[in-house]
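# Observations on the model geometry
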Amino acid sequence: MSQDVEITKKKTLSLGKKWRVKRQGSILSDSQSTFEDSRITLLLFEQYRIVEMTRFCVIFGTQIIAIMEYECSFSDQFVKELEKETLTLLYIIFLMTAAAILLTLISYQVLLTYKKKAMVITPQASLLDSNLVYSLAIEILLILPTPTPFTQMIRIDFNQRYTGQLRFYYLNEILTYILTFRVILLTNITLKFSSFYSSQIGRLCRLYSTNFDTHLVFKLCMKDLPGYTLMGLFVTGMLLFGYSLEIAERALQRNETQHSVYSVMTSMWVTLTTIATVGYGEFYPTTDLGRISMAICVFWGVSYTSLFTAMLDSMFERMNCEEMVWALLEKTSVTNAMRYLSQDLIVRIKQMKIKKLENNSINLIQDSINALKQMKRQYRNIDGEDSMSKAKRKFKDINFMFQEYYLLLKEFKRLQLINTINYHYVFESHASCSQKQNSNHLQTNQTYDKQSKDDAILQDSEEDGSDLLVMEFHV
């Protein structure tokens, strides 16, 4: 018993040492490896998603506060009752924009580290050396324009088109107009929260040399969730272009002393008709900013309409099984029509046998026969498969036939090689046997000649009666 206890203690100690040795390496170690460590990439990818979620919240909060500040400043520009609150909101917007820029830099730095660990770019590459610098510059340019407390009272005058009246914008209003286009950035970040944007799918894309980005995620969402994706794009377009058009056209409803009420529903109606590519024309933008907004909305609407048309086409496209069902129903209807025509034809022929019919009846019988032949041809032409499926099936059968012929030719070649080898072997063995037989025949002829000569000598000696002398060798 004591020996068993000691043996078990030694085993546990050895296992503990092995466990301690295994625990020395961690997923955060800096050991160089030529292969991707999925634990490290998964950790970095989740860290990247957390930073992106924080950035989304900051940018979205900035959007809401900027809209509140714009509404307060526009309604209070002549009364000056909410000046302190507006200034406080401007400071908050400025600080949140700085935080959004900082989070953007951190996000791209984490993404760069993830790509290095995933072996997408070299470990020595910096952010400026990679392709990420272009998307980083675009996002920074979208985030930078923001209303600030330092540009609150700066005015920009312009003349109204068609009337020539003097109008003006505040610089913060123009910056708020540009700030509304951050909705596109928010849409891009929202795609990163879908189930298609994961570390596992990223490894699959790297395996097949495919770019893993939000463009791929958008295509997957359009394929798997087309309705929700198009609804999100529609709501995003309505909010973005409707409110930007309101900011652009609202300046026409005020002068130096007062302002009139501008209906948001007018901007929404113009945006809706533009996205739908209808454009009734009863309302239209007259300012330069409004026209820029609607020009971008036109491209948005054309893209949205194309995607919507493609979704409808895929929804109403018949599948192969549906084609088979449709063909079966069509064959059933043609069969019933052929049955009715056959019955009518038999009845008319029997009537013709009973009594003599007129030429019109004979023509009707001939027409029925022709219609029956036409329906038979129609029945034979009905095929449940579409052209592509039928072509694929035919080509598959042809490839299978060629594969069978190839295997047969390969087998014939093998048999031919075996027969050639056997022929050479038989020919060589036959030649060697014939040579041996010839040599044996010569030897037998020589011995026969010798034996015949000796026999002749013995016979001669016997006839002469002389004694044979035998040679003896003495040592």
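Note that the structure is a prediction, hence the values are computed from the model and not measured.

The rules behind these values
Along each chain, numbering runs from 1 in the same order as the chain's sequence is written. Thresholds applied to this predicted model are a pLDDT of at least 70 for local features of residues and 80 or more for the giving and counting of side-chain atom pairs; totals over whole chains, interfaces and linings are not thresholded and use all residues. As a rule here, side-chain values cover all heavy atoms of the structure and leave hydrogens and water aside. For the purposes of this entry, the term helix denotes a DSSP run of H or I that reaches at least four residues, the term strand denotes a run of E that reaches at least two, and both are numbered from the N terminus. Exposure classes here rest on a 1.4 Å probe applied to the protein chains alone. A residue is buried below 20% of its type maximum, exposed above 50%, and partly exposed in between. Areas reported here follow the Shrake-Rupley algorithm with a probe of radius 1.4 Å; residue values treat only the protein chains shown as occluding. UniProt positions are given in the numbering used here, feature names are shortened, and annotations may be inferred rather than shown by experiment. Among the buried residues, those of types Ala, Val, Leu, Ile, Met, Phe, Trp, Tyr and Cys that are joined through side-chain atoms within 4.5 Å form a nonpolar core. Working rule for contacts: check all heavy atoms of both residues, and any pair within 4.5 Å makes them a contact. As a per-residue measure, pLDDT tells how confident the predictor is, with possible values from 0 to 100. Buriedness for pockets is judged along seven lines, at least five of which must meet protein on both sides within 12 Å for an open set on the 1 Å grid over protein atoms alone, while cavities are sets there where a 1.4 Å probe fits but cannot get out, and lining residues have an atom within 4 Å of a point. Grid points are joined across faces, edges and corners, and a volume is the space filled by probe spheres set on the points. Three residue categories are used. Nonpolar comprises Ala, Val, Leu, Ile, Met, Phe, Trp, Tyr, Cys and Pro, charged comprises Asp, Glu, Lys and Arg, and polar comprises the others, including Gly. For two strands to be treated as a pair, DSSP must find at least two bridges joining them.

Secondary structure summary: the protein chain contains 14 helices and two strands in total. Going through the 475 residues of the protein chain one by one, you find that 29% of them count as buried. By element, 63% of the accessible surface of the protein chain is carried by carbon and sulfur atoms, the whole surface being about 33,600 Å².

UniProt feature "transmembrane region" (unreviewed entry): in the numbering of this structure it lies at residues 89-112, 132-150, 170-191, 228-248, 260-280 and 292-312. Across residues 132-150 one finds 63% helix and 0% strand; the C-alpha atoms that close the span lie 32 Å apart.

Turning our eyes to something else, we now look at the nonpolar core. By size, the foremost hydrophobic cluster in this structure holds 27 residues, and its most contacted members are Tyr 169, Tyr 177, Leu 230, Phe 241, Ile 275, Leu 289 and Met 294. At the level of elements, helix H2 (38-75), helix H5 (171-179), helix H9 (226-250), helix H10 (264-275) and helix H11 (288-316) are the ones that each hand at least two residues to this core. Here this core gets nine residues from one element, more than from any other, and that element is H9. Apart from the residues within four sequence positions on either side, Met 294 is in contact with Phe 241, Leu 245, Val 270, Thr 271, Thr 274 and Pro 285. Membership of the second largest hydrophobic core comes to 21 residues, among which are Tyr 114, Leu 127, Leu 136 and Leu 191.

Moving on to the confidence of the model for the protein chain. Averaged over all residues, the pLDDT of the protein chain is 78; the fraction at 70 or higher stands at 74%. Between the elements of the protein chain, mean pLDDT differs from a low of 50, seen in helix H1 (residues 2-23), to a high of 93, seen in helix H6 (residues 182-190). The model gives residues 17-25 a pLDDT under 50, and that stretch makes zero contacts with residues more than four places away or in other chains. Per-residue pLDDT stays below 50 along residues 465-475; that stretch engages in three contacts with residues further than four places along the chain or on separate chains.

Moving on to the layout of surface pockets. The volume enclosed by the largest pocket comes to roughly 920 Å³. Contributing to the lining of the largest pocket are 36 residues, with Val 183, Leu 186, Thr 187, Gly 232 and Thr 236 lying nearest its centre. Across the lining of the largest pocket, the residue classes tally to 23 nonpolar, 13 polar and no charged. As a volume, the second largest pocket reaches approximately 470 Å³. Around the second largest pocket, the lining is made up of 21 residues, and of these Leu 111, Lys 115, Leu 132, Phe 212 and Asp 213 lie nearest the centre. Within the residue set of the lining of the second largest pocket, elements represented by two or more residues are H2, helix H3 (83-117), helix H4 (132-143) and helix H7 (199-207). Ranked by residues supplied to the lining of the second largest pocket, first place goes to H3 with four residues. Of the residues contributing to the lining of the second largest pocket, the split by class is 10 nonpolar, six polar and five charged.

Inspection of the sheet shows strand E1 (residues 155-159) paired to strand E2 (residues 166-170) by five bridges, in the antiparallel sense. When the bridges of E2 are listed, Phe 158 appears paired with Arg 167. Where E1 hands over to E2, the hairpin turn is made up of six residues, of which Tyr 162 adopts a positive phi near 80°.

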